[in-house]
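These are the residues of each chain, in order.
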Amino acid sequence: IVALYIVHMVYNLTTLSINSWMPTYYADVLGLSPDKAKLHLTLPHLAALVLKLCVSRIASALRASGFSMLSSRRLMCAIGFVATAVPLMALPLFEDVARHPPWQTTVLFCLALAGTGFHAEGFRANYLDVTDKHVGLISGMGNCLSSVAAMGAPLIVGALVQSHDGQWGPVWRAASGSCVVAAAIFGVFSSATPVEDQMGAGRQKAA
């Protein structure tokens, strides 16, 4: 459960960093006015929506091909975080608008936010597997902690940009690295066995 909470916090921190700061990034780094940037700011969210509409079919195909519930959840979570981490890591390479038109950056943002759609069948669905009797409590605590992490996103991003003389590379590298760490944590420590069953098995072993 702790691993699930950590992963959810990283997800919210990263996603809110992208969503909250994209307009500033297009204005300050790429030099696009709000009027010119509106399509660029819309397309990444449409990409995430399209992926979310397809992700349940992908999960069903995995289960049909023999993946267990746990392995399916872990794989979807890993794909989601890696699909977000790679484009974010590449963003600083496209800051020179004289060589790279803004639509190339938009493609990277589309890929990054589309990656977040995999989590609907990854760690988010894992809330339904990790407990039988306390889904509301576990989910509520997870959403609370992840919301606290999201509240910290503007503070963290602002501090990184200011401490690096207006450079955005450290922001995207930090977000990318946190996604990789979250994927590793969920891949190692996640479980699809309800905690009630795990505790019962532990008491039986102790007896």
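Preceding block: the structure.
First, a word on what this report is: a plain description of the structure on this page. These numbers were taken from a predicted model, which means no experiment stands behind them.

## A few points about the packing of helix H1 (residues 2–28) against helix H7 (residues 169–189)
Contact pair H1 / H7: the axes reach a minimum separation of 9 Å and the direction vectors enclose 160 degrees. Here H7 runs roughly antiparallel to H1, going by the angle between their axes. In the crossing of H1 with H7, the sense of the turn from one axis to the other is left-handed. Residues Ala3, Leu4, Ile6, Val7, Val10, Thr14, Ile18 and Tyr25 of H1 form the contact with H7, whose own contacting residues are Trp172, Ala175, Ser178, Cys179, Ala182, Ile185, Phe186 and Phe189. Residue composition of the contact of H1 with H7, by class: 14 nonpolar, two polar and no charged.

## What about the nonpolar core?
If you look at the biggest cluster of nonpolar residues, it comprises 22 residues, and the most contacted ones within it are Ile18, Phe109, Trp168 and Trp172. Broken down by secondary-structure element, the contributors of at least two residues to this core are H1, helix H2 (34–64), helix H3 (69–90), helix H4 (102–116), helix H6 (135–163) and H7. Top contributing element to this core by residue count: H1, with five residues. If we ignore the near neighbours within four places in the chain, the residues touching isoleucine 18 are Thr84, Leu88, Phe109, Ala112, Leu113 and Trp172.

## As for the packing of H6 against H7
Running from N to C, H6 and H7 cross one another at 135 degrees; their axes reach a closest spacing of 8 Å. Relative to H7, H6 is oriented oblique. Contacts between H6 and H7 involve Val157, Leu160 and Val161 from the former and Pro170, Val171 and Ala174 from the latter. Split by residue class, the contact of H6 with H7 holds six nonpolar, no polar and no charged.

Conventions we followed
Residues numbered from 1 in each chain as written. Predicted model: local features only at pLDDT ≥ 70, side-chain atom pairs only at ≥ 80, totals over all residues. Heavy atoms only, no water. Axes fitted to C-alpha atoms, helices over the stretch in contact; angles between N-to-C directions. Helix = DSSP H or I, 4+ residues; strand = E, 2+ residues; numbered from the N terminus. Parallel < 35°, antiparallel > 145°, perpendicular 65-115°, else oblique. Left-handed = near helix turned anticlockwise from the far one by under 90°. Contact = heavy atoms within 4.5 Å. Nonpolar A, V, L, I, M, F, W, Y, C, P; charged D, E, K, R; others polar. Core = buried A, V, L, I, M, F, W, Y, C linked by side-chain atoms within 4.5 Å. Buried < 20%, exposed > 50% of the residue type's maximum accessible area, 1.4 Å probe, protein only.

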